[in-house]
Amino acid sequence: MEPQIYKKENFNEYINEKYGYTEFFKKYNVPVCEALKQFDNLSYDDEFEQWKISNRNELLSINSSKDNFNQLVEIVRKRKIVPFIGSGLSAPMGLPTWVKYLLDLANELMIEEKILDYVNKNEFEEAAQFISENIGEINFNSRVDSKFVMVSPKIKGIINLLPKLTNGTIVTTNFDKLIEKVFTNHGKPLTIIHGKDNREFHRYFARGDDCLLKLHGSVNDTNLRVFTKSEYASAYLDDSGNVDFQKPLPENLSKIYKNATLLFLGCSLENDRTMQLFKSIMEHEDERKIPRHYAFLSSPEKSEDLIIKEKFLTEHMIFPIWYPKGEYEILDNMIELLLYEVENE
């Protein structure tokens, strides 16, 4: 699949604009691209290759994105990648991110100021706990179930490209069932494993089976779901408040973090429970034994914030590939380019 940034029709528009007003080409009553192809095909091909290089460099121009992207291409070629999917990949289907869900519900309940305070401090599980306690657990669970069910019958966005990225394990914190549906549509149904209660995951992981580890459970299954602060504590921590690697969820996620390369898509990677688990691992392991992980992330607008965020990520062995904030079309182009380069060595 040729990425958008390499499309010939886009190049033709570019070259027509670049040379179309020169005296030489004004003599011809045909577009510049057609004249070059007919009379100087080598120049046309050379211009096309230079244009592709320029587009690639521009696409990967933020900080160390280009180097990290090049390393990622080699890893994906070896089919050694484990995608880690966050709520951002479900958003094109109208499903809410965690932040949007909490703020929308808070607005409905007229407690927006309180929840916004939690959100601004990245305390999402505390926000969920506060809402659950205020409206009742049964009511809260019912609202979660209704909000994370796909309405649109058509699946849109780069989530459709996941089957081309990997064979084997996929990890997600999402409640919805979009990933399952995408792989079924591609004739590659996944074995579903829930993070909270499955101690057999290591067998699937070791064999390289096609499976989806749903760390925080699924919609319509409150027993396996992890959303509120008390549910996170039960799933992740021991009685002293430390990560308990004997519990299934931390144990399984730790195995992946230490033995495979994760690729984060649709994740914000703030100082949440997952990142705290990774930090705990880094504190007890030699960093040379931890694989490099990668993430496609929206770039902070201020350069000083970018430096701080990149420092935070690399301290967790996560190396970012940045795209400009809010420009999701560029993210799409990056994933298309990744797949193109993997398939065309």
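To be clear, the structure that these remarks concern was listed above.
Residues numbered from 1 in each chain as written. Predicted model: local features only at pLDDT ≥ 70, side-chain atom pairs only at ≥ 80, totals over all residues. Heavy atoms only, no water.

Trainee: When you look at the pattern of salt bridges in this model, what are you seeing that I'm missing?
Mentor: Pairs can form between side chains of opposite charge whenever their charged atoms are close. On inspection of all chains with the given rule, the structure shows 20 salt bridges. With its nearest N and O atoms 3.5 Å apart, the salt bridge here joins Lys37 to Glu34. On the criterion of helical spacing, the pair formed by Lys37 and Glu34 is a turn pair, its members being 3 residues apart in helix α3 (residues 32-39). Notably, a salt bridge pairs Arg225 with Asp145, separated by 2.8 Å at the nearest N-O pair. Pair noted here: Arg225 is in the loop between β4 (211-214) and α13 (229-236) and Asp145 is in helix α9 (residues 137-147), with a separation of 80 residues, a long-range link. A single network of salt bridges, built from pairs that share partners, joins Asp117, Lys121 and Glu123. (Salt bridge = Lys/Arg side-chain N within 4 Å of Asp/Glu carboxyl O. Helix = DSSP H or I, 4+ residues; strand = E, 2+ residues; numbered from the N terminus.)

Trainee: Help me understand helix α7 (residues 112-120) in this model?
Mentor: Because an α-helix completes one turn every 3.6 residues, residues spaced three or four positions apart along the sequence face the same direction. Taken residue by residue, α7 has Ile115, Tyr118 and Val119 as its buried positions. For α7, the arc enclosing every buried residue in end-on projection is 100 degrees, short of the 170-degree limit, so these residues lie on one face. Exposed and oriented more than 90 degrees from the buried face of α7 are Glu113 and Asn120. On its buried face, α7 is in contact with α6 (98-109) and α8 (124-135). Positive backbone phi, at 60 degrees, marks Asn122, one or two positions downstream of α7. (Buried < 20%, exposed > 50% of the residue type's maximum accessible area, 1.4 Å probe, protein only. Arc of directions from axis to C-beta. Contact = heavy atoms within 4.5 Å.)

Trainee: Hey, could you run me through the packing of aromatic side chains in this one?
Mentor: In this structure the tally under the stated criterion is 23 aromatic pairs. Centre to centre, the rings of Phe84 and Phe264 are 4.9 Å apart; their planes meet at 35 degrees, and the pair counts as tilted. Of this pair, Phe84 sits in strand β1 (residues 81-85) while Phe264 sits in strand β5 (residues 261-265), and the two are 180 residues apart along the sequence. Here Lys52 stacks its cationic end above the ring of Tyr6, 5.1 Å away from the centre of that ring. Lying across the ring of Tyr204, Arg207 places its NZ or CZ 5.4 Å from the centre. (Phe/Tyr/Trp six-rings, centres within 6.5 Å; stacked < 30°, edge-to-face > 60°. Lys NZ or Arg CZ within 6 Å of the ring centre and 35° of its normal.)

Trainee: Can you walk me through the packing of α8 against α9 in this structure?
Mentor: Two numbers describe a pair of packed helices, the interaxial angle and the distance between the axes. Two numbers describe how α8 lies on α9: the axes approach to 6 Å, and their chain directions differ by 120 degrees. In this view, α8 runs oblique relative to α9, as classed from their interaxial angle. Between α8 and α9, the contacting residues are Ala128, Ile131, Ser132 and Ile135 on the first element and Glu137, Asn139, Phe140 and Arg143 on the second. Of the residues that constitute the contact of α8 with α9, the class distribution is 4 nonpolar, 2 polar and 2 charged. (Axes fitted to C-alpha atoms, helices over the stretch in contact; angles between N-to-C directions. Parallel < 35°, antiparallel > 145°, perpendicular 65-115°, else oblique. Nonpolar A, V, L, I, M, F, W, Y, C, P; charged D, E, K, R; others polar.)

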